Amino acid sequence: MSQVTVPDLLEARRSIRAFRPDTVDRTLLDALVEAACLAPAPHHSRPWRWVIVDTDDAKRALGHGMGQRWREDLRGDGSDDDRIDELVTASSERLSSAPALILGCLTWDGLDRYPDAARQRAEWGMALLSLGAAVENLMLAATDAGLASCWVAAPIFCPETARDALELPAEWLPHALVLVGHPDPDYTPRERPPIPLDDLRRFA
Ligand SMILES: Cc1cc2nc3c(=O)[nH]c(=O)nc-3n(C[C@H](O)[C@H](O)[C@H](O)COP(=O)(O)O)c2cc1C
């Protein structure tokens, strides 16, 4: 175990969007998933499933599937074709450039079911919150291991499309994607803005 303190580790984790081409050992990727699974979750459940996408074919399939769906959404928004091509190509290249992608999925397994929509939504919201905690664990573990990571929003906009692109079970719904790899030493994260505590919190 490293000698880094928790506050140091929290500070050290940054979104790194450029990687060296070297692969990441699967044992190490498994250790990141294990760290994710230590996160708190409702009712002692673990409503998460994890897909490690580290083959070129699977990365391409995921990028292509989500890209097609984004293309349709952008057309619906009225974006012009050149801009759509530019955005979708850049997004797909970013996925391919990462040595590994870890896809966090949600499942109803272990969650409570309610007869009304409002409580069902709240239950799913709890699961989503817990997925966020799990992803933060995963990224902190990556930082601790000297790996770079970046959370990518795409699958939350098209969970079924991402699921089908990878031929996952019907009940695994992708909601979070994390790029993982060895950091490109030339990449500098954006400067972190200061935390305006007095604007963000109050005592009650
Ligand atoms: C839910 C979520 C979605 C995100 N989606 C993206 C994304 O699609 N692309 C990206 O480059 N960064 C994405 N990020 C990373 C944020 O841009 C980043 O966390 C933020 O700018 C703070 O920088 P830091 O992570 O280096 O502290 C996402 C972060 C979160 C929590």
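Conventions used here
- Counting starts from 1 at the beginning of each chain's written sequence and moves along it residue by residue.
- Only residues with pLDDT of 70 or above have their local features reported here, since the model is predicted, and side-chain atom pairs are shown and tallied only from 80 upward, although totals for entire chains, interfaces and linings are computed over all residues.
- A run of H or I in DSSP counts as a helix once it spans at least four residues, and a run of E counts as a strand once it spans at least two, with each numbered from the N terminus.
- Only C-alpha atoms enter the radius of gyration; for comparison, a globular chain is expected to reach 2.2 Å times N to the power 0.38, where N is the number of residues.
- Put plainly, a residue is buried at 20 or more neighbouring C-beta atoms within 10 Å of its own, exposed at 12 or fewer, and partly exposed in between, counting only other residues' C-beta atoms, which are placed from the backbone.
- Here, residue contact means that the backbone-derived C-beta atoms of the two residues sit within 7 Å.
- Any residue qualifies as near a molecule or strand once its backbone-derived C-beta atom lies within 6 Å of it.
- Charged residues are taken to be Asp, Glu, Lys and Arg, nonpolar residues to be Ala, Val, Leu, Ile, Met, Phe, Trp, Tyr, Cys and Pro, and polar residues to be all remaining types, Gly included.
- Pairing between two strands is assigned when DSSP locates at least 2 bridges connecting them.
- Helices are assigned an expected span. That span is 1.5 Å times one less than the residue count.
- Taking the helix axis as origin, the arc is that swept by the directions to the C-beta atoms.
- Lines fitted to C-alpha atoms define the axes, with helix axes restricted to the stretch in contact, and inter-axis angles between N-to-C directions lie between 0 and 180 degrees.

Peer 1: Where do I start with the overall build of the chain in this structure?
Peer 2: Counting its secondary structure elements, the chain contains seven helices and four strands. Across the chain, helices and strands are ordered from the amino to the carboxyl terminus as α-α-β-α-α-β-α-β-α-β-α. Its C-alpha atoms give the chain a radius of gyration of 18 Å, within 12% of the compact-globule value 17 Å for 204 residues. Viewed in the frame of its principal axes, the chain has a C-alpha envelope of about 55 × 50 × 40 Å. Evaluated residue by residue, the chain yields a buried proportion of 27% over its 204 residues. Restricting the contact set of the chain to residue pairs at least 6 apart, pairs at least 24 apart contribute 83%.

Peer 1: Would you mind showing me how to read the site of the ligand here?
Peer 2: Near the ligand, the surroundings consist of R14, S15, R17, C150, W151, V152, A153, P189 and R192. Of the residues belonging to the shell around the ligand, the class tally is five nonpolar, one polar and three charged.

Peer 1: Before we go on, may I ask you to explain the pairing of strand β4 (residues 173-181) in this structure?
Peer 2: The side chains of a regular strand alternate, first on one face of the sheet and then on the other. Judged by how many residues are buried, β4 sits mostly within the fold: nine of nine residues are covered. In this structure, strand β2 (residues 100-106) lies alongside β4, joined through seven bridges in antiparallel fashion. The residue bridging L103 from the neighbouring strand is L177, located in β4. With five bridges joining them, strand β3 (residues 148-152) and β4 adopt antiparallel strand pairing. Across the sheet, the residue bridging to V152 is L177, located in β4.

Peer 1: So what exactly am I meant to see when it comes to helix α3 (residues 56-77) here?
Peer 2: Along an α-helix, a turn takes 3.6 residues, which lines up residues three or four apart on a common side. With 22 residues, α3 extends 31 Å from end C-alpha to end C-alpha; this agrees with the ideal 32 Å at 1.5 Å per step. Taken as a whole, α3 has its buried residues at K59, L62, G63, M66 and G67. One side of α3 holds all its buried residues, which, seen down the axis, span an arc of 125°. Exposed residues lying more than 90 degrees from the buried face of α3 are D57, R75 and G76. Buried residues along α3 sit in contact with β1 (48-53), α4 (81-97), β2 and α6 (159-165). Backbone geometry just downstream of α3 places G78 in the positive-phi region, at approximately 90°.

Peer 1: What should I look at first to understand the sheet that holds β3 in this one?
Peer 2: Taken together, the four strands give an open sheet; going across it, the order is β1-β2-β4-β3, and neighbouring strands pair in antiparallel fashion. Single-partner strands in this sheet number two, and they are β1 and β3. With direction set aside, neighbouring strand axes in the sheet form an average angle of 25°. Here helix α5 (residues 117-144) sits on the sheet and contacts β1, β2, β3 and β4; the angle it forms with β4, its principal contact strand, is near 10°.

Peer 1: How should unusual backbone geometry be read in this particular structure?
Peer 2: Phi at H43 takes a positive value of approximately 55°, unusual for a residue other than glycine. Along the polypeptide, H43 turns up in the loop between α2 (26-36) and β1. The phi torsion at H44 lies on the positive side, around 55°, for a residue other than glycine. Of note, H44 is situated in the loop between α2 and β1.

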